[in-house]
Amino acid sequence: MGKVTLEHVDKLYAGNVKAVTDFDLEIRDGEFVVFVGPSGCGKSTTLRMVAGLEEISSGVIRIGDQVVNDVPPKDRDIAMVFQNYALYPHMTVKENMAFGLKLRKFPRKEIEVRVQEAARILGIEELLERRPKALSGGQRQRVAVGRAIVRKPAVFLFDEPLSNLDAKMRVQMRVEISRLHHQLGTTMIYVTHDQVEAMTMGQRLVVMKDGLIQQVAEPLTLYNYPVNRFVAGFIGMPPMNFFEGMIRVMNGAMLFEGPGGVRLAVPEKDKSALVAYAGKSVILGLRPEDIGSAVAEQLPGAPKIHAAVEIVEPMGSESYIYYRAADTTFISRVDAHRTFRVGEAAAPAVFIDKAHFFDHQTDRRIGLTKMD
């Protein structure tokens, strides 16, 4: 059984440095969960504690129904894929994949069957007699994954396995790892700092910052209902735009007043939550696709932000437009066929119903109504 449970797990280093604080999570059997966050947030440390490569300072870790706090890595029924592949250069691909099974005294015939099966799944049958130096980065990563597959573990652990690959190969490998999960149905815990990787692969994402879980949810729940400003800004590319401003109530209308004379009507869905913020500072968050998009521009009476075009980034199927209003720069994502000139005045329409509001002091989302 591949269920993994972490109960109030802490990791404390010398000098009272907290790497992970009160990590509390249940990963379901067969689930693909991604730990995501910036460098130093504690995601790899947490993965290594599950693997037994780091001792925990307090709390409980279970794999299946077994408490594994004091169980050595080799007895935890896990297989780990590292960032640097960790292949033996003097061994062939086949020998690398079989090595762990030989150490565990598996019969030669079973080793052969498992290696051939893993090679077939990964499409590397023709590479079995080569050595690592004769392989590309993507091929080496497949071999590292194959070495994990032959173990048939209860849990796969991936520690930023695609970081050393070029952009095209990363896309290909993340598709293959997702396909592998679908084929095997085994629990997978995957660590990455790349939020695009996380969004496209994970069934649930664990967003971390400074050793703390910020939010655990399915990818689209994180995107549409972030619990705080950090999650809102970290998930999504380009990142969410933030405007500092104030809530005003004038003549019965509730408005957000922001930089450069920005004045936007507060959506009906947010009014009751923002009543308590009248006359107070808040942060307005808007995704790039909700500013200047075809949908926003076609909405009758859509509010606009008056600004100047600073930078135009053609991306092929779409363009990123950087605007400046007063001392605030913000990004719009629009269809590529539209033309913009640097320096020109513009007034992109805002899809205000997609707005997010955050408490200026706590950074918590105001009026969040959906949680995972």
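Below: a short report on this structure. (Residues numbered from 1 in each chain as written. Predicted model: local features only at pLDDT ≥ 70, side-chain atom pairs only at ≥ 80, totals over all residues. Heavy atoms only, no water.)

Description of helix H5 (residues 167–184)
For H5, spanning 18 residues, the distance from its first C-alpha to its last is 26 Å, which sits close to the expected 26 Å at 1.5 Å a residue. Residues of H5 that are buried: Met169, Met173, Arg174, Glu176, Ile177, Leu180 and His181. The arc enclosing the buried residues of H5, seen along the axis, measures out at 165°, which places them on a common side. Away from its buried face by more than 90 degrees, H5 exposes Lys168 and His182. Buried residues belonging to H5 abut strand S3 (32–36), helix H3 (108–122), helix H4 (137–149), strand S7 (155–159), strand S8 (187–192) and helix H6 (195–201). At the N-terminal boundary of H5, the capping side chain belongs to Asp166, with an oxygen 3.3 Å from the backbone nitrogen of Lys168. With its phi angle positive at about 65°, Gly185 sits one or two positions after the end of H5. (Helix = DSSP H or I, 4+ residues; strand = E, 2+ residues; numbered from the N terminus. Expected span 1.5 Å × (residues − 1). Buried < 20%, exposed > 50% of the residue type's maximum accessible area, 1.4 Å probe, protein only. Arc of directions from axis to C-beta. Contact = heavy atoms within 4.5 Å. Polar contact = N/O pair within 3.5 Å; in protein donor to acceptor, adjacent residues only side chain to side chain.)

Thoughts on the sheet that holds strand S1 (residues 4–13)
Spatially, the four strands line up as an open sheet ordered S2-S1-S4-S5, and their pairing is antiparallel. This sheet does not close on itself; its edge strands, each paired only once, are strand S2 (17–27) and strand S5 (66–67). Relative to S2, S1 is paired through seven bridges, and the arrangement is antiparallel. When the bridges of S2 are listed, Val9 appears paired with Phe23. The strands touched by helix H1 (residues 43–51) are S1, S2 and strand S4 (58–63); relative to S1, the strand with the most contacts, the crossing angle is about 115°. (Pairing = 2+ DSSP bridges. Axes fitted to C-alpha atoms, helices over the stretch in contact; angles between N-to-C directions.)

Thoughts on H3
Taking 1.5 Å per residue as the helical rise, H3 with its 15 residues ought to reach 21 Å, and the 21 Å between its terminal C-alpha atoms agrees with that figure. Looking at H3, one finds that the buried residues are Ile111, Arg114, Val115, Ala118, Ala119, Ile121 and Leu122. End-on, the buried residues of H3 take up no more than an arc of 160°, which puts them together on one face. The exposed residues of H3 that point more than 90 degrees off its buried face are Lys109 and Arg120.

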